[in-house]
Amino acid sequence: MFESFFPRPKLFALTFAAWALFCVVTWFVAGESLHSWLSLETLFGSDGGDFWFYQYMLGCYTLFVGAWMYLSPHRWGRWSIIGSAIIVFITWFQVHLDVLINDWFGTFYDSIQKALEKPHSITAEDYYLQLLTFGKIAMVAVTVSVFTRFFVSHWVFRWRTAINDYYMSMWSRVRHIEGASQRVQEDAMRFSSIMEGLGVSLIDSVMTLIAFLPILWGLSVHVKELPVIGEVSQALVFVALIWSVFGTSLLALAGIRLPGLEFRNQRVEAAYRKELVYGEDYHDRASPPVVKDLFNDVRVNYFRLYFNYLYFNVVRYAYLQAGVLVPYVALAPTIVAGGFTLGVMQQIIRAFGRVESSFQYLVNSWTTIVELMSIYKRLKAFELAIADLPLPPIEEQLAEQAI
């Protein structure tokens with residue numbers, strides 16, 4: 001799944017995470033000092049801080065990509081290494097646009113509060129200019145989002161192609177494995193499509209956290225105390241963190257049985273489908289008693305899934321709905337005391353929501369992660385069979401049941 005597309009995938013992932021952490025820490029610790037002797041602003045006639053930030057980011061990406069392309073060449077390196085870097089960079093740029101919109105919210109709602117408190121204190125021209133500013137940012141955001149989806153779709157299909165080519169090169173050795181055709185075609189397709197959504201969401205969550213956590217940290221100076229608890233330094237950051245960890249742990253506990261049930265579901269569906277396919281070519285296959293028993297296995301497993309998803313969704317939706325009120329409850333003493341303007345409150349609510357949703361990546365993606373885990377188990381068992389290694393106990397158990 002991974003080695004077919006990425007060069008030395010475990011090391012690639014570890015070095016990427018380590019390099020990203022190093023670059024972020026270096027920026028916050030030594031970004032200003034490096035600016036004075038590394039920036040190329042004067043050569044391009046720019047005197048803004050954004051130019052230096054883009055230059056720094058581009059330099060970090062170039063060093064990482066160049067090192068991997070040179071030290072570990074791979075057939076799919078242009079897509080797996082360069083393509084991954086492009087996706088991460090574009091995702092960061094989208095988060096940067098979100099930060100600009102968050103700043104715009106503060107200015108816009110402050111002007112609305114000013115106009116409502118004192119009529120004609122702002123002009124219609126000022127009001128429409130602010131709307132135009134939002135329109136410009138939104139237009140860039142829409143254009144980048146469309147391009148990102150287009151590029152990521154192609155990137156993921158290359159990944160699926162790499163998996164498909166690897167499995168088909170082993171076809172003579174794996175064609176006898178249960179559901180071999182389904183694992184090569186459907187499971188590889190579903191794995192790549194789910195990774196497209198989850199992977200981009202994970203990168204977006206990390207980038208959003210890096211961008212909005214300092215903003216929420218700074219805005220927390222307006223919040224002096226929390227209900228019941230009292231004074232807490234940087235209260236909003238800790239509220240977002242504690243609430244998100246609580247929700248993630250709660251949903252992980254509620255959905256602990258789902259990956260195994262999803263995996264079993266794929267197995268019983270595959271067994272049912274396989275018998276029907278045999279029945280198309282052989283008159284003695286797919287007899288009513290056999291088909292009835294196989295479909296009964298499908299029914300039993302689905303009913304188990306429905307029951308487990310019932311209480312899982314109760315916990316999930318209750319938690320998400322309660323989360324809507326969390327920032328307003330945390331801000332209650334400050335709102336009552338009139339501790340900030342409407343614009344600042346909008347910035348706080350929006351930044352809190354971004355930080356909270358980043359911390360809640362597992363909560364928001366849990367059902368998709370469950371499906372991915374079940375597909376991963378099937379493909380992992382497929383690869384173990386290719387390598388003539390022992391299969392997981394659940395594979396052996398289901399194989400005996402099928403026999």
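Sequence order as written defines residue numbering, which begins from 1 separately in each chain. The predicted origin of the model limits local features to residues at a pLDDT of at least 70 and limits the giving and counting of side-chain atom pairs to 80 or more, whereas totals for whole chains, interfaces and linings rest on all residues. To obtain the side-chain values, all non-hydrogen atoms of the structure were used and water was disregarded.

Visitor: I keep staring at the overall build of the protein chain and nothing clicks. Help me out?
Guide: Counting from the N terminus, the helices are DSSP H or I runs at least four residues long and the strands are E runs at least two residues long. Scanning the protein chain for helices and strands turns up 12 helices and two strands. The order of helices and strands in the protein chain, counted from the N terminus, is α-α-α-α-α-α-β-β-α-α-α-α-α-α. Oriented by its inertia axes, the alpha-carbon framework of the protein chain measures out at about 85 × 55 × 40 Å. A 1.4 Å probe rolled over the protein chains alone gives each residue an accessible area, and that area as a share of the maximum for its type sets the label: buried under 20%, exposed over 50%, partly exposed in between. Put simply, the protein chain has 403 residues, and 40% of those count as buried. Look at the contacts in the protein chain between residues 6 or more apart in sequence, and 79% of them connect residues 24 or more apart. For the protein chain, the computed accessible surface area is about 22,600 Å², with 67% contributed by carbon and sulfur atoms. Here the positive residues are Lys and Arg and the negative ones are Asp and Glu; neither His nor the chain ends is included. Where a charge sits is defined by one atom per residue type, namely NZ (Lys), CZ (Arg), CG (Asp) or CD (Glu). Here the protein chain carries 30 positive and 34 negative side-chain charges, and the mean point of each set is 6 Å from the other. Residue contacts follow a heavy-atom distance rule, with two residues in contact if any of their heavy atoms lie within 4.5 Å. The Shrake-Rupley method, run with a 1.4 Å probe sphere, supplies the accessible areas, and residue values consider only the shown protein chains as cover.

Visitor: Just to check I follow, could you spell out the packing of helix α8 (residues 258-281) against helix α11 (residues 361-386) for this structure?
Guide: Geometry of a packed helix pair, given as the angle between the helix axes and the separation of the axes. The geometry of α8 relative to α11 is characterised by a closest axis approach of 8 Å and an angle of 50° between their N-to-C directions. With respect to each other, α8 and α11 are oriented oblique. Crossing hand, α8 versus α11: right-handed. For the pair α8 and α11, the contacting residues are Leu258, Pro259, Gly260, Glu262, Phe263, Gln266 and Arg267 in the first and Trp366, Val370, Glu371, Met373, Ser374, Ile375, Lys377 and Arg378 in the second. Partitioning the contact of α8 with α11 into residue classes produces seven nonpolar, three polar and five charged. Where helices are involved, their axes are fitted lines through C-alpha atoms of the stretch in contact, as for all axes, and angles between N-to-C directions lie from 0 to 180°. Comment on the angle field: the value is read as roughly parallel under 35 degrees, roughly antiparallel over 145, roughly perpendicular from 65 to 115, and oblique elsewhere. Handedness of a crossing is defined here by the sense of rotation of the near helix relative to the far one, left-handed for an anticlockwise turn of less than a right angle and right-handed for a clockwise turn. Think of it as three bins: nonpolar holds Ala, Val, Leu, Ile, Met, Phe, Trp, Tyr, Cys and Pro, charged holds Asp, Glu, Lys and Arg, and polar takes everything else, Gly as well.

Visitor: Looking at this model, I keep getting lost on the side chain of Thr26. Mind explaining?
Guide: In this structure, Thr26 sits in helix α1 (residues 9-38). Not counting residues up to four positions away in its chain, the partners in contact with Thr26 are Gly31, Leu34 and Tyr56.

Visitor: Help me understand helix α9 (residues 288-336) in this model?
Guide: At 3.6 residues per turn, the α-helix brings residues three or four places apart onto the same side. A helix is expected to span 1.5 Å for every residue after the first. Taking 1.5 Å per residue, 49 residues should reach 72 Å; α9 reaches 71 Å between its end C-alpha atoms and fits that length. At Ala330, α9 shows its largest kink, close to 40°, and the proline Pro333 lies no more than four residues downstream. Where α9 ends, the next residue or the one after it, Gly338, has phi of about 65°, a positive value. Throughout, the bend at a residue refers to the angle made by two axes, fitted to the seven residues ending there and to the seven starting there.

Visitor: What is the right way to look at the nonpolar core in this model?
Guide: Across soluble globular proteins, nonpolar side chains show a tendency to be buried alongside one another. If you look at the biggest cluster of nonpolar residues, it comprises 77 residues, and the most contacted ones within it are Trp159, Tyr167, Phe191, Leu236, Leu331 and Ile348. If one sorts the elements of this core by residue count, helix α6 (residues 180-219) sits on top with 12 residues. The residues touching Trp159, leaving out its near neighbours within four places in the chain, are Met1, Phe2, Phe5, Phe6, Phe191 and Met195. The set of buried Ala, Val, Leu, Ile, Met, Phe, Trp, Tyr and Cys residues whose side-chain atoms join them within 4.5 Å is what this entry labels a nonpolar core. Among the nonpolar cores identified, the runner-up in size contains seven residues, and Trp104, Phe105, Phe108 and Ile137 belong to it.

Visitor: What is the right way to look at the environment of Ala180 in this model?
Guide: Here Ala180 shows up in helix α6. Between the alpha carbons of Ala180 and Asn265 there is a distance of 16 Å; along the sequence they are 85 residues apart. Setting aside chain neighbours within four positions, we find Ala180 in contact with Trp171, Val174, Arg175 and Phe382.

Visitor: Just to check I follow, could you spell out the UniProt feature "transmembrane region" (unreviewed entry) in the protein chain for this structure?
Guide: As annotated in UniProt, the feature "transmembrane region" (unreviewed entry) corresponds to residues 12-31, 51-71, 78-95, 127-152, 198-220, 232-256 and 325-345 in the numbering used here. For residues 78-95, the helix share is 100%, the strand share is 0%, and the end-to-end C-alpha distance is 25 Å. Along residues 232-256 the backbone is 80% helical and 0% strand, and the end-to-end C-alpha distance reaches 34 Å. UniProt positions are given in the numbering used here, feature names are shortened, and annotations may be inferred rather than shown by experiment.

Visitor: Could you clarify how one ought to interpret a nonpolar patch on the surface in this entry?
Guide: Residues enter patches when their relative accessible area tops 30% and they take part in no salt bridge; the joining distance is 9 Å for like charges and 5 Å for the nonpolar side chains Val, Leu, Ile, Met, Phe, Trp and Tyr. For this document, the term salt bridge refers to a Lys or Arg side-chain nitrogen within 4 Å of an Asp or Glu carboxyl oxygen. Taken together, Leu21, Val25, Phe28, Val29, Leu202, Val206 and Ile210 make up a surface patch of nonpolar side chains, about 660 Å² in accessible area. At the level of secondary structure, the elements contributing two or more residues to the nonpolar patch comprise α1 and α6. The element contributing the most residues to the nonpolar patch is α1, with four residues. A relative accessible area of 42% places Val206 in the partly exposed class.

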